[in-house]
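# Structure assessment
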Amino acid sequence: MYTVNLAIIIPFLAAMIVPIIYKRIKGIHVGWFVFLVSTALFLYLVSYIPNIASGETYLYTFEWIPSYNINFITYLDGLSLIFALLITGIGSLVTIYSIYYLSSEENLSHFYTYLLLFMGAMLGVVFSDNIMVLYVFWELTSISSFLLIAFWYHRKSSRDGAQKSLLITISGGFGMLVGFIMLYVMTGTMSIREMITTISGFHDHPLFIPAMLLILLGAFTKSAQYPFHIWLPTAMEAPTPVSAYLHSATMVKAGIYLVARFTPVFGGELTWFWVVTIVGIITLFWGSFNAIRQTDLKALLAYSTISQLGMIMSMIGISSVALRHGHSMNMVIYTQAAFAAIFHLINHSTFKGALFMVVGIVDHELGTRDIRRLGGLATLMPITFTISIIGSFSMAGLPPFNGFLSKEMFFTSILSVRELHFTSEVWMGLIPVVAWAASILTFVYCMIFVFKTFLGKYQEEKLEHPAHEAPFGMLFSPIVLGLFVILIFFFPNVLGNYVIKPAMYSIFPQLGAEDLGQHVSAWHGFNLELKMTIGVIVFGAFLFIFLRHWKGLYNWILPEKLSFNALYGNSLELIEKVSKIITNSYMTGHLRDYMVYIYIFFIIAVGGTLLNTKAFLFDIEQYSTVTEFEWLITIAMIIAAISMLLVKSRLTAILLNSVLGYGVSIFFVIFRAPDLALTQTVIETVTTVLFLAAYYFLPEWKKEDSKKRSKIVNGIVSVAVGVIFTTIALAVQNGKLFESISSFYENAYELAGATNIVNAILGDFRAFDTMLEVVVLLIAGLGVYTFIKLKARKGDNPLEDK
Amino acid sequence: METLTTILTGVLVSVATYLILSRSVLRVILGTAVLSHAAHLLIMSMGRGLKSGEVPILTDEALSYVDPLPQALILTSIVISFAVTAILLVLAYRTYRETGTDNLFEWRGIKDE
């Protein structure tokens, strides 16, 4: 039962155990436990491959909040299986690598807890069928990424990078949430599978395009598409295993997963095709263009990742036209773009993972990853050199590496765009040209990566440690990935038939299974694609050789202050400034102002409700009569109250307050409340004494030196509060909805054996209340005693330190 | 009578509000004291009807009693408001000793040692 649900939960459970293991078991590195978890999950998922390949899917439902349609539904199909295999497989390799990469003095329990948190969240993203659950896991990946980027939180650049990635991905995710809610409003379901079957009726719905664009916003921010790509290079402040895992192989591909997953929902729409394809192509070009100028190897790889993600994105965009209505079966050819996209996605994870690990090794062993300080490492680090050749040449699209195959397929799909006559020939023809130019730039930065690092002059004086080969533990994972790079080149169809083809069913459920899938071959004649590749090599080599002659162009074209990075930084500063100004404008630190806010709120909310409901109904007749004596006391109290505001002396004000108090106690006598009258008289006397004592210690009143305007405001506020208060009280007296419960207490003699009803209520019916009241008095007494007795004058040590 | 009491209560509330909005700490405390007077009178007039019966002490002669429930509540309230006033006064005294002023506006921004 719930086996796939369990696969999501296991990493979270393991994340909880990691700190305990770290603390208790000292002999074995805690990373091995994490390795065990991810490998077990990987093997478990591998066991699904044969069934998935034969077209089966698995659906597990765990009812979570059924009344809101939110259920923990996992859906295991071809598409989610690929991602899950990458998550757990690369996860295992990265864990091994990290065991040797991170010093044992680092806070390993934090590191591995975050890593497992990420793994669980990411599995949740790819397995969830319910969009709300998907959203939760989606944001959880952002949070775990934040924690991992900020792993070395004592460095400011790490914190800034973490903040930037969080702000960008979370705001995109928030947009995605709104898009999901729109989808739910349209289709009435939260299940992606059900949406796919019903969406065709909603293409004209006014929310259809907004929902699409918002979901794409989420995908683009997560997958670092232009112009949201700026967070990825700064995220490279994370430890290298994290960069290899989250920021190249898995998390940044969540956006691609989302676009692929929603292709059946939105795919037939032309807007979808344009947005996804164009954003992808721009990202492809911009990423590769910027990668060349980087001097930090990790930054170079970050931009290269951006570029490759754009390439995959654009292919998925192109493939969506296969779902367009009114087109015949020959449109099926465009599904091959999606095939190429997933193929390249897997290839990218292998070669980019290996390359990141190579950079990590260089950084770890030599103490720097700055290209200007590196060079000539080929003979000193032969294995690392070999791996980096495999990785970079695959990335550049050269045989015999897997990148060559997917790059050729990319050219095929990008060339097929020319046959779509959506807009003028020139524009359609421009897409392949841009893509080809980007491929040339890709070739250039791949060469920079290999040749500037491993060939040329060895400059030991610029390194922190002399160069030597890394230990086997660190080399193991990149070697495995490098082997995959070569194996996939030679046996691409094993992967194609068993893993990629089932994923195609998920992207194009509307099309028949027999039309999907593709035979991959390295040699398909001397066609245009091959010519393009040759062109890439020739021009790329040319540009690389004359790199230093044209590199100066960058500063001229792209000054730092005009970049999106600068825009991000400036707007962040501006937001901080503006919010500080706004906050300071009303958080004045004056009690009076805060009280005014509270009173104004009272006036608006309560007075407004009163006006709205028109609840003023006064009937004065039904009440008891007023004697002359009562008139007299009332008028005396009103005069006393108003004079309190006018008197100059404190003493008079205090005495006027006592007049009010004694007036109240006279009223208690009139209202047949002897206990109250007695208590009030006693308390009022004591209060007056207290006030007089305070009068003795406090300074003489100064004239209220507030501005005239604020005095007027105070006056208006006070009168308004009084009026509203009176109106409500009068209205309440009139509209008594229920019988008074007091008659119950009149049985005091039978119930409590008392004749004084008030005393029975206090001492018997509500005895707990009275007891707690005594406690309040006690606390107040202690407070008074403490304030008076304990003297911490200036110059004395604070009491807490004694 | 109820209406008259309620209007008196309203006047007291207005005065209390104005006092609470002032700068001198003693005025603010006086404001809270006046506010509790107003509250007590209000609770009283919210009962079954003022003067509409005998003192709520059970006797054989009485036909009806005034509402005992507000009285019980007010009795609690009187004591609590006394405690609050006492605390506030001592707090004001202590703050004055430490800062040398009773003006709320000048208390702002004073660093605690």
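Residues numbered from 1 in each chain as written. Chains lettered and ligands numbered in written order. Predicted model: local features only at pLDDT ≥ 70, side-chain atom pairs only at ≥ 80, totals over all residues. Heavy atoms only, no water.

### As for the overall build of chain B
- A tally of helices and strands in chain B yields four helices and zero strands.
- On C-alpha atoms alone, chain B measures out to a radius of gyration of 19 Å, which is more than a quarter above the 13 Å that the 2.2 N^0.38 rule sets for 113 residues.
- Seen along its three principal axes, the alpha-carbon backbone of chain B occupies a region of about 65 × 25 × 15 Å.
- Per-residue burial for chain B yields a buried fraction of 65% across its 113 residues.
- Long-range pairs, those at least 24 residues apart, make up 48% of the contacts in chain B between residues at least 6 apart in sequence.
- When the accessible surface of chain B is totalled, it reaches about 4000 Å², and 62% of it is carbon and sulfur.
- Seen as two clouds, the 8 positive and the 10 negative side-chain charges of chain B have centres 13 Å apart. (Helix = DSSP H or I, 4+ residues; strand = E, 2+ residues; numbered from the N terminus. Rg over C-alpha atoms; globule rule 2.2 N^0.38 Å. Buried < 20%, exposed > 50% of the residue type's maximum accessible area, 1.4 Å probe, protein only. Contact = heavy atoms within 4.5 Å. Areas by Shrake-Rupley, 256 points an atom, 1.4 Å probe, with all protein chains shown as cover. Lys, Arg positive; Asp, Glu negative; His and termini not counted. Charge placed at Lys NZ, Arg CZ, Asp CG, Glu CD.)

### Let's talk about the packing of aromatic side chains
Residue and element names in this part refer to chain A.
- For the coordinates displayed, the defined rule picks out 35 aromatic pairs over all chains.
- Aromatic side chains Phe-72 and Phe-137 sit 6.1 Å apart centroid to centroid with 40° between the ring planes, which places their arrangement in the tilted category. Note that Phe-72 is positioned in strand S2 (residues 70-76) and Phe-137 in helix H6 (residues 131-149), a separation of 65 residues in sequence.
- Under the relative-accessibility criterion, Phe-72 is labelled buried at 10%.
- Seen from their ring centres, Phe-266 and Trp-272 are 5.4 Å apart, and the 25° between their planes marks the pair as stacked. The burial state of Phe-266 is the same as that of Trp-272; both residues are buried. (Phe/Tyr/Trp six-rings, centres within 6.5 Å; stacked < 30°, edge-to-face > 60°.)

### Considering the interface of chain A and chain B
- Taken residue by residue, the interface counts 99 residues in chain A and 81 residues in chain B.
- Note on chain A versus chain B: buried area summed over both sides is about 8700 Å², and carbon and sulfur give 73% of it.
- Area buried by chain A at its contact with chain B is led by Phe-671, Arg-672 and Phe-787 of chain A, which between them contribute 9% of it.
- Across the contact surface, chain A and chain B share zero salt bridges.
- Between the two partners, chain A and chain B, sit five residue pairs in polar contact (both at pLDDT 80 or more).
- Grouping the amino acids of the side of chain A that touches chain B by side-chain chemistry returns 58 nonpolar, 25 polar and 16 charged. (Buried area = accessible area lost by both parts, 1.4 Å probe. Salt bridge = Lys/Arg side-chain N within 4 Å of Asp/Glu carboxyl O. Polar contact = N/O pair within 3.5 Å; in protein donor to acceptor, adjacent residues only side chain to side chain. Nonpolar A, V, L, I, M, F, W, Y, C, P; charged D, E, K, R; others polar.)

### Brief notes about the environment of Ala-641 of chain A
- With respect to the secondary-structure elements, Ala-641 of chain A resides in helix H26 (residues 628-646).
- Owing to a relative accessible area of 0%, Ala-641 of chain A belongs among the buried residues under this scheme.
- Along the chain, Ala-641 of chain A and Leu-656 of chain A lie 15 residues apart, while their C-alpha atoms are 7.1 Å from each other.
- Once you skip the residues sitting within four places of it in the chain, Ala-641 of chain A turns out to touch Leu-660 of chain A together with Leu-12 and Val-15 of chain B.

### A few points about the nonpolar core
- Formed by 216 residues in total, the largest nonpolar core has its most connected members in Phe-180 and Phe-262 of chain A.
- Element by element, the count of residues in this core is highest for helix H15 (residues 335-366) of chain A, at 19 residues.
- Discounting chain neighbours no more than four positions away, the residues touching Phe-262 of chain A are Ile-131, Phe-180, Leu-183, Ile-192, Ile-215, Gly-267 and Trp-272 of chain A.
- If you look at the next biggest cluster of nonpolar residues, it comprises 71 residues, including Ile-654 and Ala-748 of chain A together with Leu-19 and Leu-42 of chain B. (Core = buried A, V, L, I, M, F, W, Y, C linked by side-chain atoms within 4.5 Å.)

### What to know about the domain arrangement of chain A
Residues and elements named next belong to chain A.
- What the domain assignment reports for chain A is domain 1 (267-545) and domain 2 (552-587).
- For the pair domain 1 and domain 2, the two sides together bury roughly 510 Å², of which 62% comes from carbon and sulfur.
- Counting the surface domain 1 buries against domain 2, the share from its top three residues, Trp-286, Phe-289 and Arg-293, is 87%.
- Applying the counting criterion to the domain 1 and domain 2 interface returns zero salt bridges. (Domains from an automatic or database assignment.)

### Quick look at the UniProt feature "transmembrane region" (unreviewed entry) in chain B
Residue and element names in this part refer to chain B.
- With numbering matched to this structure, UniProt assigns "transmembrane region" (unreviewed entry) to residues 6-21, 28-50 and 70-93.
- In the segment residues 6-21, helix accounts for 94% and strand for 0%; the C-alpha atoms at its two ends are 23 Å apart.
- The span residues 70-93 is 100% helical and 0% strand by assignment, and the distance between its end C-alpha atoms comes to 34 Å. (UniProt positions renumbered as here; feature names shortened; annotations may be inferred.)

### Side note on the pattern of salt bridges
Residues and elements named next belong to chain A.
- Within the structure shown, the criterion is met by nine salt bridges over all chains.
- Two residues, Asp-129 and Arg-193, come together in a salt bridge whose shortest N-O distance is 3.2 Å. On the criterion of sequence distance, the pair formed by Asp-129 in the loop between helix H5 (108-127) and H6 and Arg-193 in helix H8 (residues 192-198) is long-range, its members being 64 residues apart.
- Judged by its relative accessible area of 2%, Asp-129 falls in the buried class.
- Among the residues examined, Arg-193 registers a relative accessible area of 24% and is labelled partly exposed.
- For Arg-155, the salt bridge goes to Glu-237, with nearest N and O atoms at 3.4 Å. Here the residue Arg-155 occupies a position in the loop between H6 and helix H7 (156-187), and Glu-237 occupies one in the loop between helix H10 (231-234) and helix H11 (240-249), the gap between them amounting to 82 residues.
- A single network of salt bridges, built from pairs that share partners, joins Asp-296, Asp-363 and Arg-369.

### What about the pairing of strand S1 (residues 58-65) of chain A?
Residue and element names in this part refer to chain A.
- Pairing of S1 with S2, which is carried by seven bridges, proceeds in the antiparallel orientation. Following the sheet pairing, Ile-65 is matched in S2 by Ile-70.
- Between S1 and S2, which follow one another and run antiparallel, lie four residues, and Asn-69 among them has a positive phi close to 65°. (Pairing = 2+ DSSP bridges.)

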